[in-house]
Amino acid sequence: MKLQFIKHNINIDKNVDEVIISGDPGCDGYNTENIAIFEEILKIQADMHIIDGDMLVTGGEMYFKQFSEIVNTSSSAPVYCLPGNHDIKDYEKFFRLKNYYIKYNNAMFIMLDNSKRFFDNQTIDFLKESLIFSESKEIIILFHIPPENPYVPNSISNEEWQKLKGIIDPFKNQIKLIICAHIHTAFEYILDGYKIIVTGGAGSKLDPVKNTFFEKNFYNALRLTFKNSEFKYEVIKIDICYGKTFYENQVIFSKANSHQFYADLDEGYANSSQTFSLPGEVTQIVGFNSFVYAFTKADGLWEIDLSDASIRQISTHGTISPKSVATDWDVMIWADQDGVWALPIG
């Protein structure tokens with residue numbers, strides 16, 4: 001079981017080396033595209049993963065079961081969560097504690113609830129008590145909605161920031177980062193001497209907000225490294241195929257963060273470098289991570305690897321307008337007039 005249910009603070013008697021932090025995988029709901037993005041993040045090797053809120057659409061058992069299945073099937077490491085504004089309903093029923101810490105020998109991660117845009121008295125009291133037990137370790141503070149920033153007016157109020165700041169100021173030298181999500185991009189800024197990073201690009205639709213780490217806004221996750229008494233961080237770009245369509249004998253695709261897929265057909269597709277021509281008339285296509293699978297009317301099934309732009313025919317069986325196509329982790333299943341077929345993919 002990779003998904004952790006938090007009933008008390010966690011003390012781990014060893015050093016932490018690497019941590020992956022991401023945010024907002026589920027506030028638009030889960031579909032083939034954003035599941036693939038979220039899975040790509042979860043597969044990154046680390047000592048633990050932390051999801052900085054908005055795991056669900058509106059809370060509720062159905063969405064929780066979907067989230068937990070993705071995590072337990074795909075994650076390389078234990079997964080810890082904290083509440084976002086989409087997770088308020090029944091959060092404690094499904095995830096347990098809203099405020100808790102994870103303390104290693106060399107670092108401490110403090111999770112705080114501000115899912116309603118404020119820190120309540122319980123959260124403030126918890127933070128005060130936790131900092132007392134920090135024991136000069138490097139501290140990472142996480143909560144969902146960021147403080148005021150230069151990029152977007154979607155934040156907690158200055159009053160709430162000042163309330164928090166008054167508590168953490170005596171520990172300023174220990175606090176390496178404050179990490180938030182909520183905004184579907186990635187940016188960093190300094191506020192009153194604190195380095196703040198927003199990483200909200202784990203699968204939900206990206207916001208038209210500046211990404212300070214890349215030229216364009218990309219799906220992303222944050223890697224923290226604690227090795228040889230040195231702390232480092234980097235934002236990881238998640239770049240997979242998520243959009244696809246077809247037109248006559250062509251497959252037109254869009255890799256993550258490329259909007260050519262949405263261009264006008266006559267003006268954009270004809271000259272697109274993201275267009276593949278196939279010998280047969282395309283009747284259906286399926287995207288899976290960095291692969292596109294194209295069904296043709298009489299010339300079989302083709303696999304397009306977007307990482308190197310290669311094409312290979314993987315079946316000579318002609319498939320005329322498959323009635324249903326589904327992907328489930330590492331297999332594609334479809335039905336046509338000749339029966340039901342299954343193919344390992346990816």
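Note: the structure precedes this text.
Residues numbered from 1 in each chain as written. Predicted model: local features only at pLDDT ≥ 70, side-chain atom pairs only at ≥ 80, totals over all residues. Heavy atoms only, no water.

Colleague: Explain the sheet that holds strand 5 (residues 100–103) to me, using residue names and the numbers behind them.
Modeller: Strand pairing in a sheet is mediated by backbone hydrogen bonds. Such pairs are either parallel or antiparallel. Taken in spatial order, the seven strands make up an open sheet running 1-5-6-7-8-10-9, and their pairing is mixed. Of all the strands in the sheet, just strand 1 (10–11) and strand 9 (186–191) have a single pairing partner and so form its edges. Looking at chain direction, strand 5 and strand 6 (residues 107–111) are connected through four bridges and run antiparallel. Paired with Y101 across the bridge in strand 6 is I110. Running at roughly 175° to strand 6, helix 4 (residues 121–132) makes contact with strand 5, strand 6 and strand 7 (138–142) of the sheet. Helix 5 (residues 158–168) rests against strand 7, strand 8 (175–180), strand 9 and strand 10 (194–199) of the sheet, and its axis sits at about 125° to strand 10. (Pairing = 2+ DSSP bridges. Helix = DSSP H or I, 4+ residues; strand = E, 2+ residues; numbered from the N terminus. Contact = heavy atoms within 4.5 Å. Axes fitted to C-alpha atoms, helices over the stretch in contact; angles between N-to-C directions.)

Colleague: Describe the pattern of salt bridges, naming the residues involved and giving the relevant values.
Modeller: Across all of its chains, the model carries 12 salt bridges by this definition. The residue E230 makes a salt bridge to K232 at a minimum N-O spacing of 3.9 Å. Salt bridges linked by common partners bring E18, R223, K227 and E234 together as one network. (Salt bridge = Lys/Arg side-chain N within 4 Å of Asp/Glu carboxyl O.)

Colleague: Describe in detail the pairing of strand 6, supporting the description with residues and values.
Modeller: Within strand 6, five of the five residues are buried, which leaves it mostly tucked inside the rest of the structure. Of the two faces of strand 6, the one lined by A107, F109 and M111 and the one lined by M108 and I110 are each fully buried. With five bridges connecting them, strand 6 and strand 7 associate as parallel partners. Looking across to strand 7, one finds that F109 is bridged to I140. Read from strand 6 through helix 4 to strand 7, the crossover connection turns out right-handed. (Buried < 20%, exposed > 50% of the residue type's maximum accessible area, 1.4 Å probe, protein only. Right-handed = clockwise from strand over helix to strand, strands pointing away.)

Colleague: I'd like to hear about the sheet that holds strand 12 (residues 230–238), residue by residue, with values.
Modeller: With mixed pairing, the five strands of this open sheet are ordered in space as 4-3-2-11-12. Two strands bound the open sheet, and with one partner strand each, they are strand 4 (79–81) and strand 12. Taken over all neighbouring pairs, the strand axes of this sheet differ in orientation by 20° on average, direction set aside.

Colleague: If you had to explain helix 2 (residues 61–74) to someone new, which residues and values would you point to?
Modeller: Three- or four-residue spacings in an α-helix give side chains the same orientation, since the helix completes a turn every 3.6 residues. The terminal C-alpha atoms of helix 2, which comprises 14 residues, lie 20 Å apart, in line with the 20 Å expected from a rise of 1.5 Å per residue. Within helix 2, the full set of buried residues consists of F64, F67, S68, I70, V71 and S74. Across the axial projection of helix 2, the buried residues extend over an arc of 160°, all falling on one side. Where helix 2 is buried, its residues meet helix 1 (32–42), strand 3 (48–51), strand 4 and helix 3 (91–94). (Expected span 1.5 Å × (residues − 1). Arc of directions from axis to C-beta.)

Colleague: Provide a residue-level description of the environment of G26, including the pertinent values.
Modeller: Counting through the fold element by element, G26 comes out in the loop between strand 2 (18–22) and helix 1. Relative accessible area serves as the criterion here: at 0%, G26 is assigned to the buried category. Sequence separation of G26 and K205 is 179 residues, and the distance between their C-alpha atoms is 9.7 Å. Not counting residues within four places of it along the chain, the set of residues in contact with G26 comprises D54, M55, L56, V57 and S204.

Colleague: Describe the packing of helix 1 against helix 2, naming the residues involved and giving the relevant values.
Modeller: Helix 2 packs onto helix 1 with a crossing angle of 40° between their chain directions and a minimal axis gap of 9 Å. Classed by the angle they form, the pair helix 1 and helix 2 counts as oblique. Considering only the axes of helix 1 and helix 2, their crossing is right-handed. In this structure, helix 1 contributes I35, F38, E39 and L42 to the contact, and helix 2 contributes F67, I70, V71 and S74. The class makeup of the residues in the contact of helix 1 with helix 2 is six nonpolar, one polar and one charged. (Parallel < 35°, antiparallel > 145°, perpendicular 65-115°, else oblique. Left-handed = near helix turned anticlockwise from the far one by under 90°. Nonpolar A, V, L, I, M, F, W, Y, C, P; charged D, E, K, R; others polar.)

Colleague: Could you give an account of the packing of helix 4 against helix 5, with specific residues and numbers?
Modeller: Two elements in contact, helix 4 and helix 5, have axes separated by 10 Å at closest approach and are oriented at 20°. Taken as axis vectors, helix 4 and helix 5 run roughly parallel relative to one another. The element helix 4 and its partner helix 5 pack so that their crossing is right-handed. Each of I124, L127, K128 and L131 in helix 4 lies in contact with helix 5, whose residues at this interface are K163, L164, I167 and I168. Considering only residue class, the contact of helix 4 with helix 5 consists of six nonpolar, no polar and two charged.

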